[in-house]
Amino acid sequence: MLAWPYNAVKNSADLTRIVILSRVMPPTMRRRFKRKSRGLAALPKGNLRRQFTVWRLSVFFASTLLAAVVGCGDRPAADSPTNVDASAPPSSSRPLSAKTTPLELGDAFAPLADVVATVDPRQDQGWESEAFSELAQSRLAALEVAVRDPSQRTTEKLAELATDDFHCNELRPTTKEVFRDGAIVVHRATNPDVRIASANASVPAGSAALAAGLRSLSAAYDDVAHADVHFKFKTIRVELAGDSARTTSYFQAVGHVAGGLVQQNATWRCRWKLAEGQPPKLAEISAANYEEIRPAAAKARQFVDCTQAVLGGTESFRRQLALGADHWHANLDAAFGVSQHNHGVAVGDANGDGLDDVYVCQPSGMPNLLYLQQVDGTLADVSAQSGVDWLDISRAALFVDLDNDGDQDLVLTLRWSMLIHENDGRGRFALKRIVDTKFNLHSIAAADYDRDGNIDLYICGYSPGPESAATDVFANPVPYNDANNGGRNFLLRNEGQLDFSDVTEQVGLEQNNRRFSFAASWEDFDNDGDLDIYVANDFGRNNLYRSDDGRFVDIAAEVGVEDIAAGMSVSWADYDHDGRMDVYVGNMFSSAGNRIAFQRNFRPGADEDTLGQLRRHARGNTLFRNVGGGAFDDVSSDAAVTMGRWAWASLFTDINNDGWEDLYVTNGFFTTEDNGDL
Amino acid sequence: MLAYDRGWAALNRLLRTGKSFSGRERNCCFLNLGGGRFADVSAASGLDLIHDGRSLALADWDFDGDEDFFIASRTAPRVTFLRNDVATGNHFLALRLLGTTVNRDAIGARVELYRDGDERPIIKTLYAGNGYLGQSSKWLHFGLGADVSPRKVVVRWPDGKTVETFGELASDHRYVLRQGSARAEPWQPPRPALVLPTDPVPAIDRSDSSRVVVLRPARLPGISVLGDDGVTATLDLTSRGKPTVVNVWATWCKPCLVEMKAWGEAKSRFAEAGLDVVALCVDDPTEDRTADLAKAKAAAERLGFPFTVALPDKSAVVALDAVQRAFSGAQRPLPVPASFLVDAEGRIAAIYRGPVEVEQLLADVKICGGGSAEIVAAAVPFPGPWHDPPEPTAATTVAWEFIQAGQAGLAERYLADLSSIYEAGLARAEGDRERWRASSQLAGVLETLGRLAFDRKDAQEAAAKYLRSLELAPKQRHVHLELARTYAALGEKQKVAEQIDAALAIKRDDPENLVRLAMLKTELGDPNAGALLLRESLAIQPNASDYALLARALLAAGQSSDAVDAFRHALELRPNWPPAMNDLAWVLATSADAASRNGEQAVALAEKLSAMSDTESPSRLDTLAAAYAETGRFDDAVAAAEKALRMAEESGNAALAERLTNRLEGYRAKQPYRDAPK
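A brief structural summary. Here the structure is a predicted model, which is why all the values come from computation and not from measurement. (Residues numbered from 1 in each chain as written. Chains lettered and ligands numbered in written order. Predicted model: local features only at pLDDT ≥ 70, side-chain atom pairs only at ≥ 80, totals over all residues.)

**Let's talk about the overall build of chain B**
Logical step 1: Within chain B, the secondary structure is distributed over 22 helices and 22 strands.
Logical step 2: Across its three principal directions, the C-alpha atoms of chain B cover 105 × 95 × 50 Å.
Logical step 3: Taking contacts inside chain B between residues at least 6 apart in sequence as the whole, the part at least 24 apart equals 57%. (Helix = DSSP H or I, 4+ residues; strand = E, 2+ residues; numbered from the N terminus. Contact = placed C-beta atoms within 7 Å.)

Rendered as structure tokens:
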């Protein structure tokens, strides 16, 4: 007999999917997207960056846990009425709910309460490992005090943290100098292998051993009492087994010495003893990969913040840029959009005086800013006269001479449109072309791909824009770890006279072109004389399009640079001086993701490929070494450049002029007044 | 899928309401030691900015021979300038390229620098746009290391053929390299290297007070207050003929009292501006509300506050909270004091969290009743041009906030109120544009009312609202789908099909609904139409399960040879898929159409299927029996069918048992089974 049905979801009467979507979505949202409304949404949707991490997302499938990264429930504000001070009116408004509890304002998350409730790992069945990791992290952080203050390092006090048979290897082992320039010295452990001293009478055990270990760490500082040492741990693995547990954490300590800061880096593998009703105790610490960075001289100089000197003289800095995004979102109608503040900055010579100037992209409702460099190095705000002080949400801008007339024209991506402005040679811009798309535009990468002497533009369209959003109700990435429902990227060929034509399809760039692209960068990676392009995509695979004389083929899979992760940025450089350009990709790193994605109860039933991709999503940044012959090696771990935290921009730059390209990574997702995050 | 989307929605909400998430992360710097493994020098370098970092651009801003950083961030200050003050004793060379036959900026040029003694060059490419949303200076900056001089520079111009060598270069100098000149022209900065001060930046991340101008003034929800007469009544601000400030305060809140005193002193200015005030006291309610009111009035009187004082009930506070959440980009709890500027028609024009100055109120009164251009200008903190101004937050968003607060009843009342106003507005509307606007507003309200009615299980009313909404604004695809869902709940399949059909008429490229409609049509007795729709869907999105559905529709339509093809397609896309294997075997064994039958293949498929599974199912045995019978193996057919019959009887499947009994008779009579021709 015939089997029936094939697929319950296909049952004609089963419209549940729509039913429930309507519950989580503001009824007005679809309308707003439907009209050509520039997607200014009460809840941002089209432009979502990953709002939460893979582990938690994935867990939504599995059932539970929003766990550690949010790590914060909806705590009621606890200010007492006595905090209200009439002498300081602006800072004294107080949440009404704290006082008017009888009014019971209601749960602002009601329709999503079940999901939001999973933010607390302690409430979340099956994720004891997360609850433990929170505890372990706080126990490790407590060691900081014992390093700073010898009086806290007594065996009695440390007995609360360490078991009687606690052992550790040298927390600050014997090192050798591996690098020195005029500014810093880098020491590394002579033996990076971990050796735990075996238990014998001559080696102290228990809290005495811990005290000795911490004392050796503190010896890195000339005067530890005044060094203001801070510890930071990122716990990336947790294994619970009965009454014991193991953790792996990145350890970092920073403190002051004469001439600057000392930084201690290591990987700590810890064993813990658990007992009912008691906080866990350390049974073992094995410190690996110890690295110590010290100032090279008593007056070594590093980077310094001169923002105020360069920008502080302008009113627009004081009144606009000196205030954070949260301030502005609180002062603008939600219709202006609540972004994650993905706005770029461009350096170029706008007025042709030979000095670089700066253009700053702003969120919706705030004017973009053009600053001209003065002879004294300060910036002067000329936005109002520039012709490019758009109030529209602006993502990225480039200064490029599009018409080869010797001045820098300006291209700018707004939310769904790209504007092309012509420079009059003196830093005043006239809007010449508007490229409207259906996609949420982000980075622009310019190059003359067809070598005709005119600069062409590659534009990243991150997610579907208004029209698609009206139909694909939720334009969330699907599947999370390998999404292929994102926006389109465009290659616009410069036809001269500031005319552009869309040649994406014609040149082969339509291949794998529905990813969530944040950034792209041109480079001739195979040294064959034409420019190839690498595209970093959120939620999955990246692209490397090889140019064969202006015809492109995506060879990312073939040469192993797909880098399935949450790609945000791309930077090329020959970091190893072999004459071939290597590529560094900024991704998201998450300690919680690392922990959870390796637990047995994480997405039970998922296949190994999917699990691997999800784990990879938490690993962090990637360095691909170009080994020639069209091949790349992933050297990220060996090069120790993965842990760039929740990365956004990443760039190669030789910060110390030694001829070797260093790396800088900007990061951090969402810092608010709420301090509950991990 | 569902949990996934809900997860995104929940996280969006958490962010908009100010939950920190992967925040307080410090930027990272990895130093290239030249040996493959980088050193994490984030803190030691002074580069570990703690902002939510986003974009990054580089330039040697102070002309001291190293690269400085401009960093765009989400938290304050939103632009930071970090000056590279790393003193290493290393040398540099800076080059600016000028194209003549290639693009003027020479973007894409590859520059090879040979130092004295170098066999291999240090290579760099000139980019325009890399990293993330950023653009760095077009000066190419080379670190040279200590005690080495540049020997020559080879430029591969971006035309893929021109290679040019430049000599006579000195360390720590800047040169312009003009294509074709063969000579590096020294370039002098207009000033010596700068030493910039490092003054602190006065940065503010958020402020407790805020002001939001509502882009499209929205009706104030009905607010029940206890007034002077001891009667609870709805505050009617629609017919006062002048604007009103609704202030929320408490007797224990000192800033409230300061504010009220200031307003009282400005009484005559309020009068001149035609601005009225109603102050709602939100002190904890006691049993005796009359006494509460007396207490509030006494407190106001002591301040010389001459305006109306009233006590709101619980729903009034919920309403005001919902309103401010709906319109403010950053959602925070309703504070005291808070004020709502309501225009003469009872619409909210501006929302103030925290105290508001008299001057501000009097200035904002002018936007009451203003046109949209005036309102947009007042709503942005700084002036500028719009390419594409935002679509205002729809008034229905207020209802959504009510729903979020678990107050569906308030939401429905608000919308019902709104719909009668919009109906009246529509009746008055003149001109196509105004009528279009009025009807689309009303359509949105009705749609939301439909959803709310559906949620409280009144499908009849929901259908009525949706129908009216579609009447006002046809071509709302999502409303057609909502209506389809509503009819599904009412069991009206024909109408479900009509609505899905209407949705498809708006967007044909929609496999999910094409399939859904196909199934309905088939169910409703038109398998030919179903098959056509399935073919349409498969052309967009080929997949095994839809091919199997197509096969079923074709069978129902009596086209068995096409059905066999469709099953084969399904199995190509999903080899060894049991239900399709079974069904194909069944058709091959039993089709009334001789040309469609193939007993050998049927047996092969059915045997393979039974070998694939550990457990036997009566329906698959049924298929196997039919296949044996078709090849003349009647004994095997009888054995399999008897087994199937036993299993069907044991599991209480009487219908199958009856069919098997009939078939068994045939097999025993050496007659293969035939499906009845359609």
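Moving on, there is more to tell.
**Considering helix α8 (residues 396-404) of chain B**
All names here are of chain B.
Logical step 1: Burial within α8 is extensive, with nine of its nine residues counted as buried.
Logical step 2: Along α8, the positions that sit buried rather than exposed are Thr396, Thr397, Val398, Ala399, Trp400, Glu401, Phe402, Ile403 and Gln404.
Logical step 3: Gly406, located one to two residues past α8, shows a positive phi value of around 75°. (Buried ≥ 20, exposed ≤ 12 C-beta atoms within 10 Å, placed from the backbone.)

**Topic: the interface of chain B and chain A**
Where the parts come together, the accessible area they lose is often given as the size of the interface.
Logical step 1: Each side of the interface is counted separately: chain B has 209 residues, and chain A has 216 residues.
Logical step 2: Per element, the largest residue contribution to the side of chain B that touches chain A is 15 residues, and it comes from helix α1 (residues 2-16) of chain B.
Logical step 3: Partitioned by chemical class, the residues of the side of chain B that touches chain A number 102 nonpolar, 59 polar and 48 charged.
Logical step 4: Bridge analysis of strand β31 (residues 662-667) of chain A against strand β1 (residues 28-32) of chain B gives three bridges, and the strand direction is antiparallel. When the sheet's bridge partners are listed, A:Val665 is paired in β1(B) with B:Cys28. (Nonpolar A, V, L, I, M, F, W, Y, C, P; charged D, E, K, R; others polar. Pairing = 2+ DSSP bridges.)

**Quick word on the environment of A:Phe231**
Residues and elements named next belong to chain A.
Logical step 1: Its location among the elements puts Phe231 in strand β5 (residues 230-241).
Logical step 2: Sequence separation between Phe231 and Pro464 is 233 residues; the distance between their C-alpha atoms is 43 Å.
Logical step 3: The contacts of Phe231, once residues within four sequence positions are left out, are Ala141, Leu143, Glu144 and Ala253.

**Here's the deal with unusual backbone geometry**
Logical step 1: With an omega dihedral of -10°, the bond running from B:Ala76 to B:Pro77 counts as a cis peptide bond.
Logical step 2: With respect to the secondary-structure elements, B:Pro77 resides in the loop between β4 (68-73) and β5 (79-84).
Logical step 3: Unusually for a residue other than glycine, A:Arg451 sits at a positive phi of about 55°.
Logical step 4: Relative to the helices and strands, A:Arg451 resides in the loop between β18 (439-447) and β19 (456-464).

**As for the packing of helix α15 (residues 527-540) of chain B against helix α16 (residues 544-556) of chain B**
Residues and elements named next belong to chain B.
Logical step 1: In contact at an axis separation of 8 Å, α15 and α16 are set at 160° when each is read in the N-to-C sense. When the interaxial angle is binned, α15 and α16 end up roughly antiparallel. With respect to the hand of their crossing, α15 and α16 are arranged in left-handed fashion. Contacts from Pro527, Gly530, Ala531, Leu534, Arg535, Ser537 and Leu538 in α15 reach Asp546, Tyr547, Leu549, Leu550, Ala553, Leu554 and Ala556 in α16.
Logical step 2: Partitioned by chemical class, the residues of the contact of α15 with α16 number ten nonpolar, two polar and two charged. (Axes fitted to C-alpha atoms, helices over the stretch in contact; angles between N-to-C directions. Parallel < 35°, antiparallel > 145°, perpendicular 65-115°, else oblique. Left-handed = near helix turned anticlockwise from the far one by under 90°.)

**Some words on the environment of B:Asp105**
Logical step 1: Here B:Asp105 lies in the loop between β6 (91-98) and β7 (110-115).
Logical step 2: Given 26 C-beta atoms within 10 Å, B:Asp105 falls into the buried group.
Logical step 3: Considered as a pair, B:Asp105 and B:Cys253 are 148 residues apart in the sequence and their alpha carbons are 62 Å apart.
Logical step 4: Each residue touching B:Asp105, except ones within four places of it in the same chain, is listed here: A:Val400, A:Asp401, A:Ile455, B:Gly99, B:Ala128 and B:Lys138.

These values are about where atoms sit, not about what they do.
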